[in-house]
Amino acid sequence: MSASELAAQVREALAVDREEFDARVASEVEELKAELHAGTFDNPQAIVGLEYEFYAANAETDALERVPRRLLEFIGFEKELGLHNAEMQTTPQPLSTYGLRATQAEVQAKLEAAQGEVHTEGMTLVSDGMWTVPPIGETATSYLTSSVEEDGVRLATNMSDSVRYHAMANTDFGADMGLQAPHVSLDAETVMAESLITSIQPHYQVPSAEDLPTHFRYALRVAGPLVALAVNSPFFPPDLYDADPDEVLANCPMENRIGVFESVLNPEDDPKVAFPEDLGSLDEAVDRIANDRTVVPMLQDAGTRFDDRFAHFRHTHGTYWRWVRPVFDGPTRQAANARIEFRPLPGQPTVRDSVAFLAFLAGLMESMPRREHPAYHLDWTTAEENFYAAARDGLQAEMAWRTRDGDATTDTATIYEELFEHARDGLQLRGLDERECDYYLGPLEARVEAGRTPARWKYDRVAASVDRGVPFTEAIWEMQSAYIDRQSETLVEGCFVDWL
């Protein structure tokens, strides 16, 4: 698509009457609520799925690479924000022995085939939380801020040709779009800075839509501990830093992805990327999405899917960027589902690690509501504090918890011992045996036992290099090279603890 064609489509999108769009959302909401309460979105099977984002790097230099659109289509991956991004979505599967096995096998099969194709182009797909090596001959600053104005429309040079993404830079929804993080600042005219980060997003379908608020409450309580275990983005590309290495290393959040997303996309007076509040009812879950300001309202054409009856509501949901959010959709009435999308986890070093987090979350969602775990009564403010402490300090974070006996604790070992016991219980309730539970949860339990996360692995390598006198930029790029080298040996078959 040419720049003039893209600009024309952006102008068309920006011309949509917001009042008409909002009216369509309001009319769809009533029908959606009626279907939810009628049990249309219920399914006694627990269904799970996974969204998995990657970035492309040069196979020789580890520098960021733009993925040709023809190649992206050929390998069956979807475009994401940046030209360097590629996303995979798994087929929904039952939470069971065969369902989890099928999910992992699907990711492995697609990824192995994709890697074979991108390697012929001199690239590799990287599973990570943030890239740090810009394209050859460019800086991260120039890559993220490059844009042109076409017929009065601001277009990011390195952004996918998605009308919605480009339209965000030309609306008045209020986000600064610049990047603010410890020792990092970047002025920008588009949302391209968000393309620094990549994630995995587990999905868990609740058996009964009416029970979604309860599962949602538990998902918020376990968010901190899961993020602490997953952290994988302690460093930015070196040219973005405005402080010396000692300052950076002394105040280095383990999961910068959280701050990037919030700083780039949050209007100052109306945060859209945030730790969400508890839900009082199923209707409240729907109303929160419907009442959230849509960044780029776009009138939707009539479609043949069941959930096209709620197409404008679903479009609004696309910019409802809470870290944990409900989802209501389905291509057919029989496949309609209400589920929880768990969004704060960074990309992981291997496929097995990524599926482990899916199994961990799903097991907790099966067990904790059924066993009425007292974490339900953990104050929401405490859950929010746990979440941001986890992003800052990883496994070294002090998090507050309510044990199965109702006692308060901040002991990390106790928290994870309980969480893994309940995850095992939940998986066993879905038919997995002890050996299978060990297979999925073992890699994450080993992280706790070793006190090591991917972010800590990265931090320690960079800190050790700096101590030896290696320049900070070289230290980060050497770490990134080592990360990609280790991943090349373990991405499809191994796991992170093999690196330790």
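None of these values were measured; they are calculated from a predicted model.

Quick notes on the rules
- Residues numbered from 1 in each chain as written.
- Predicted model: local features only at pLDDT ≥ 70, side-chain atom pairs only at ≥ 80, totals over all residues.
- Heavy atoms only, no water.
- Helix = DSSP H or I, 4+ residues; strand = E, 2+ residues; numbered from the N terminus.
- Buried < 20%, exposed > 50% of the residue type's maximum accessible area, 1.4 Å probe, protein only.
- Contact = heavy atoms within 4.5 Å.
- Areas by Shrake-Rupley, 256 points an atom, 1.4 Å probe, with all protein chains shown as cover.
- Lys, Arg positive; Asp, Glu negative; His and termini not counted.
- Charge placed at Lys NZ, Arg CZ, Asp CG, Glu CD.
- Salt bridge = Lys/Arg side-chain N within 4 Å of Asp/Glu carboxyl O.

J.: Describe the overall build of the protein, with residues and values.
T.: The helix and strand inventory of the protein stands at 17 helices and 13 strands. By its C-alpha atoms, the protein is 60 × 55 × 45 Å across when sized along the principal axes. For the protein, with 500 residues in total, the buried portion stands at 61%. Contacts in the protein between residues at least 24 apart in sequence constitute 76% of all its contacts with a sequence separation of at least 6. If you sum the accessible surface of the protein, you get close to 18800 Å²; carbon and sulfur atoms cover 45% of it. Distance between charge centroids for the protein: 4 Å, based on 42 positive and 87 negative side chains.

J.: Tell me about helix α9 (residues 256-265), and please be specific about residues and values.
T.: Among the 10 residues in α9, 9 count as buried, and that is most of the element. Buried within α9 are the following residues: Asn256, Arg257, Ile258, Val260, Phe261, Glu262, Ser263, Val264 and Leu265. Buried residues along α9 sit against β7 (179-181) and α13 (380-393).

J.: I'd love a proper account of the environment of Pro207, names of residues and values included.
T.: Structurally, the position occupied by Pro207 is in the loop between β9 (200-205) and α7 (212-230). Sequence separation between Pro207 and Gly303 is 96 residues, and the spatial gap between their C-alpha atoms is 27 Å. Apart from residues lying up to four places away in sequence, Pro207 is in contact with Asp42, Asn43, Pro44 and Arg430.

J.: Give me the lowdown on the pattern of salt bridges, citing residues and values where you can.
T.: Taken as a whole and judged by the stated rule, the model has 36 salt bridges. Ionic pairing is found between Asp329 and Arg339, a salt bridge with its closest N-O pair at 2.6 Å. Of this pair, Asp329 sits in strand β10 (residues 324-329) while Arg339 is found in strand β11 (residues 337-342), placing the two residues 10 residues apart along the sequence. Taken as a pair, Asp329 and Arg339 share a single burial class, namely buried.

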